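Overview (structure and organization)
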Amino acid sequence: MIKIENVSKVYKNGTRALDRINLEVQDEEFVYIVGSTGSGKSTLIKILDGEEVPSSGKAIVNGVDVGSLRFSKVPIYRRNVGVVFQDYRLLPRKTVFENVAYALEVVDTPKQVLRQRVREVLKLVDISDKSNAFPDELSGGQQQRVAIARAIANRPKILIADEPTGNLDPRKSDEIISLFEKINAEEHTTILIVTHDVGIVRHHPKRVIMIESGNVAADLPKGAKI
Amino acid sequence: MFRRFFHHIKEGFYGFGRHIGMALSSASAVMITLILIGLFIVLTLNLYAMTSSIEDSITLSALVKDETSLTEEELQSQIEAISGVDYVEYHTKDEEFDYYLDTYNDPDLRSFYETYRDDNPFKNAFIVYARSGEDIQTIKTALEAIDDIDEVYDGGDNTYTLVEILDNVRIAGGTLVAALCILAIYLIYNTIKITIASRSDEIWIMRNVGAKNGYVRAPFLVEGIIIGFIGAIIPMLVIVLGYIYLYSTSGGSLFGAFSLIYPYPFIFYVALTLLGIGVVVGFFGSYISVFKYLRLRR
Ligand SMILES: Nc1ncnc2c1ncn2[C@@H]1O[C@H](COP(=O)(O)OP(=O)(O)OP(=O)(O)O)[C@@H](O)[C@H]1O
Ligand SMILES: [Mg+2]
């Protein structure tokens, strides 16, 4: 469970990105986070994956107070949180298989388990046929699938995506959101998707959290009118 | 465990290979540094060995005034109290006279001088053994300050000169070596900095999926150590083979006078020292880089 309690974030330059925000997301929920540019969505994500520390308030994820984690404990915590971005950030000199395997290698996954799991997630994101291709041989949508496979390879409890469809056309975007739904159902992963795309929110209705000026402006349950 | 160990080694070599030009130039800086350090070590240790025999016997003679208020024992303990004095021998004027006579082998001359014994021009003397050459000057001054001491003689300028040369070699060599070490560290630091920059994608992903901080850092430290290690190989060979060659062609002594330290195992210890310095320099250079440029933010 994610519990954001009165979290404020003031950056070093004085920008107040989050202003006493409160939020709760249950396990296995699927949530959109929307809001205009500069409203604090990415900042919220950075606090959730331990990259930024709240200036005040608490972010508690699966019982862990993320802000007070010691520096050396952050990596282990982060294995519970997969993050995907608008740019896919694949390693250009590694194949699809190797890119996903890399994420497991660097957390010391035994070789046998690793191969098995890579095949499994590549199948899950439906890109098995491109296993040996290099990223520049793939379309944007395919690259994003690989990035998602990499993010879930280590079985995180929570998968966060910051505008995952930002570079994709509507049809591809639709497929990617369907993929998140599948992961949500099959891997029991909590999903948080930051998006500007009203289309996908309409096509795949879920709970929508609207953020404005660093606070929750609206929290609409699944099926509510936007 | 082992897999991770080999992973870091492999990645370290990978980094080395990626910027082979940079890496090799850092390694050559290490190489030059280590060759000079090796020469310096061999030179100073040999100089030490040469001078230590001289230094061991660095003595002063303190001549005692004929009319003295102190007893021999009182005077002796006063001299022994001077710092840097190793031990003291007392020679009576008769003994001194005998020593002097002993320098003449010719019996005629001996009997000629023997006639002077009743009118002995020598004085009772303390032979003062200094602990090291560096102490001679201060001991001499201290001896001269004692009322009952008439005159003080030392071994002459030669001992001073040797001690001084040794000091200068040590200071100049030490400074040079320190400067070269810093240069080598700097070059390694730069090499690793570039490796880090070129691998920022991988670093980002590792952090993103939760690789431990040590895991992210290790390949860069390994790369630094590899550079230091590779840089040490040639200097080790040069020093070992060079010294063995010098020793065998010179027959173990230079200019027939200065004996060289026997090469086994001496020169192997020097080589191991060089390897150690290479590895430490490599580690240190990469360490600074890793902690400066691999800003592991949270
Ligand atoms: N590292 C930073 N240092 C200083 N200010 C920052 C930093 N990151 C973000 N900000 C500021 O904090 C505010 C919130 O930024 P944030 O990136 O969270 O917005 P966002 O909702 O993700 O916007 P967008 O939809 O454009 O991605 C903005 O005013 C931004 O300029
Ligand atoms: Mg953003």
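Preceding this section is the structure that the text describes.
In this report, we go over the structure that sits alongside the text. (Residues numbered from 1 in each chain as written. Chains lettered and ligands numbered in written order. Predicted model: local features only at pLDDT ≥ 70, side-chain atom pairs only at ≥ 80, totals over all residues. Heavy atoms only, no water.)

Listed per partner, the contact involves 19 residues of chain B and 32 residues of chain A. Across the interface of chain B and chain A, roughly 2,300 Å² is buried in total on both sides, 51% from carbon and sulfur atoms. Run the count over chain B and chain A and you get zero salt bridges. Counting across the interface, chain B meets chain A through two residue pairs in polar contact (both at pLDDT 80 or more). Going through the elements one at a time, α1 (2-18), α8 (200-209) and α9 (213-250) of chain B are the ones with two or more residues in the side of chain B that touches chain A. At eight residues, α8 of chain B tops the list of elements feeding residues into the side of chain B that touches chain A. Among the residues forming the side of chain B that touches chain A, the class breakdown is seven nonpolar, three polar and nine charged. (Contact = heavy atoms within 4.5 Å. Buried area = accessible area lost by both parts, 1.4 Å probe. Salt bridge = Lys/Arg side-chain N within 4 Å of Asp/Glu carboxyl O. Polar contact = N/O pair within 3.5 Å; in protein donor to acceptor, adjacent residues only side chain to side chain. Helix = DSSP H or I, 4+ residues; strand = E, 2+ residues; numbered from the N terminus. Nonpolar A, V, L, I, M, F, W, Y, C, P; charged D, E, K, R; others polar.)

Here the focus is the packing of aromatic side chains. Any pair of aromatic rings gets described here by the distance separating the centres and the angle formed by the planes. Under the defined criterion, the tally for this structure stands at 16 aromatic pairs over all chains. Members of the aromatic cluster, connected to one another through ring pairs, are Tyr243, Tyr247, Tyr262, Tyr264, Phe266 and Phe268 of chain B. The ring of phenylalanine 85 of chain A has arginine 89 of chain A sitting right over it, with the charged end atom 4.4 Å from the ring centre. The cationic tip of arginine 89 of chain A hangs over the ring face of tryptophan 204 of chain B; the distance from NZ or CZ to the ring centre is 4.2 Å. (Phe/Tyr/Trp six-rings, centres within 6.5 Å; stacked < 30°, edge-to-face > 60°. Lys NZ or Arg CZ within 6 Å of the ring centre and 35° of its normal.)

What follows is about the site of ligand 1. Residue and element names in this part refer to chain A. Taken together, 13 residues form the shell around ligand 1, and within it Thr37, Gly38, Lys41, Ser42 and Thr43 come nearest. One nitrogen or oxygen atom from the side chain of threonine 37 is found 2.4 Å from an oxygen atom belonging to ligand 1. In the environment of ligand 1, an oxygen atom lies 3.2 Å from a nitrogen or oxygen atom belonging to the backbone of serine 39. Relative to its free-state accessible area of 630 Å², ligand 1 is covered by the protein chains to the extent of 65%. For the shell around ligand 1, the element with the most residues is helix α1 (residues 41-48), which contributes three residues. In terms of residue class, the shell around ligand 1 is made up of two nonpolar, nine polar and two charged. (Near = heavy atom within 4 Å. Areas by Shrake-Rupley, 256 points an atom, 1.4 Å probe, with all protein chains shown as cover.)

The strands making up a sheet are joined through hydrogen bonds of the backbone, oriented either antiparallel or parallel. All names here are of chain B. Spatial ordering of the open sheet is given by β2-β3-β1-β4, a layout of four strands whose pairing is antiparallel. Of all the strands in the sheet, just β2 (85-91) and β4 (149-154) have a single pairing partner and so form its edges. When the angles between neighbouring strand axes are averaged without regard to direction, this sheet yields 20°. Sheet topology note: the strand β1 (residues 59-64)/strand β3 (residues 125-130) ladder contains five bridges and is antiparallel. Residue serine 61 lies in a different strand from β3, and its bridge partner there is isoleucine 127. Along the sheet face, helix α4 (residues 93-102) touches β2 and β3 and points at about 90° away from the line of β2. Taken strand by strand, helix α6 (residues 136-144) contacts β1, β2, β3 and β4, and its axis lies near 165° from that of β4. (Pairing = 2+ DSSP bridges. Axes fitted to C-alpha atoms, helices over the stretch in contact; angles between N-to-C directions.)

Next up on the list: a positive patch on the surface. Taken together, the side chains of Lys111, Arg115 and Arg119 of chain A together with Arg3 and Lys10 of chain B define a basic patch exposed on the protein surface. Taken together, the elements giving at least two residues each to the positive patch come down to α4 (111-124) of chain A together with α1 of chain B. A per-element tally of the positive patch places α4 of chain A first, with three residues. Position of lysine 10 of chain B relative to the elements: it lies in helix α1. (Patch = residues over 30% accessible without salt bridge, like charges linked within 9 Å, V, L, I, M, F, W, Y side chains within 5 Å. Lys, Arg positive; Asp, Glu negative; His and termini not counted. Charge placed at Lys NZ, Arg CZ, Asp CG, Glu CD.)

What follows deals with the environment of serine 61 of chain B. Within the fold, serine 61 of chain B resides in strand β1. Distance in space between the C-alpha atoms of serine 61 of chain B and isoleucine 188 of chain B is 56 Å, their sequence separation being 127 residues.

Attention now moves to the pairing of β1 of chain B. In regular strands, side chains alternate between the two faces of the sheet. Examined bridge by bridge, β1 of chain B and β4 of chain B share five bridges and lie antiparallel to one another. Following the sheet pairing, leucine 60 of chain B is matched in β4 of chain B by aspartate 154 of chain B.

Here we take up α4 of chain A. Residue and element names in this part refer to chain A. Given a rise of 1.5 Å per residue, 14 residues ought to cover 20 Å, and the 20 Å separating the end C-alpha atoms of α4 matches this to within 8%. Every buried residue of α4 is listed here: Leu114, Arg117, Val118, Val121, Leu122 and Leu124. Looking straight down α4, one finds its buried side chains confined to an arc of 150°; they lie on one side. Along α4, exposed side chains directed more than 90 degrees from the buried face belong to Gln112 and Lys123. At its buried positions, α4 is contacted by α3 (96-105), α5 (140-153) and α6 (170-186). Looking one or two places after α4, you find aspartate 126, whose phi comes out positive at around 65°. (Expected span 1.5 Å × (residues − 1). Buried < 20%, exposed > 50% of the residue type's maximum accessible area, 1.4 Å probe, protein only. Arc of directions from axis to C-beta.)

Residues and elements named next belong to chain B. Evaluation of the coordinates by the stated rule reveals 19 salt bridges over all chains. Across the pair lysine 123 and aspartate 150 runs a salt bridge, and its minimum N-O distance is 2.8 Å. Taken as a pair, lysine 123 in the loop between α5 (107-114) and β3 and aspartate 150 in strand β4 lie far apart in primary sequence, 27 residues in all.

Structurally, glutamate 72 of chain B can be placed in helix α3 (residues 72-80). Dropping the residues within four chain positions of it, glutamate 72 of chain B is found in contact with Tyr90 and Phe126 of chain B.

Another aspect to go through is the pairing of strand β4 (residues 56-61) of chain A. Residue and element names in this part refer to chain A. Sheet analysis places strand β1 (residues 2-10) next to β4, joined by five bridges and oriented antiparallel. Residue pairing across strands places lysine 3 opposite isoleucine 60, the latter belonging to β4. Across two bridges, β4 lies against strand β5 (residues 64-65) in antiparallel orientation. Within β5, the residue paired with valine 61 across the bridge is valine 64. Between the end of β4 and the start of β5, which pair antiparallel, lie two residues, with asparagine 62 showing a positive phi angle near 50°.

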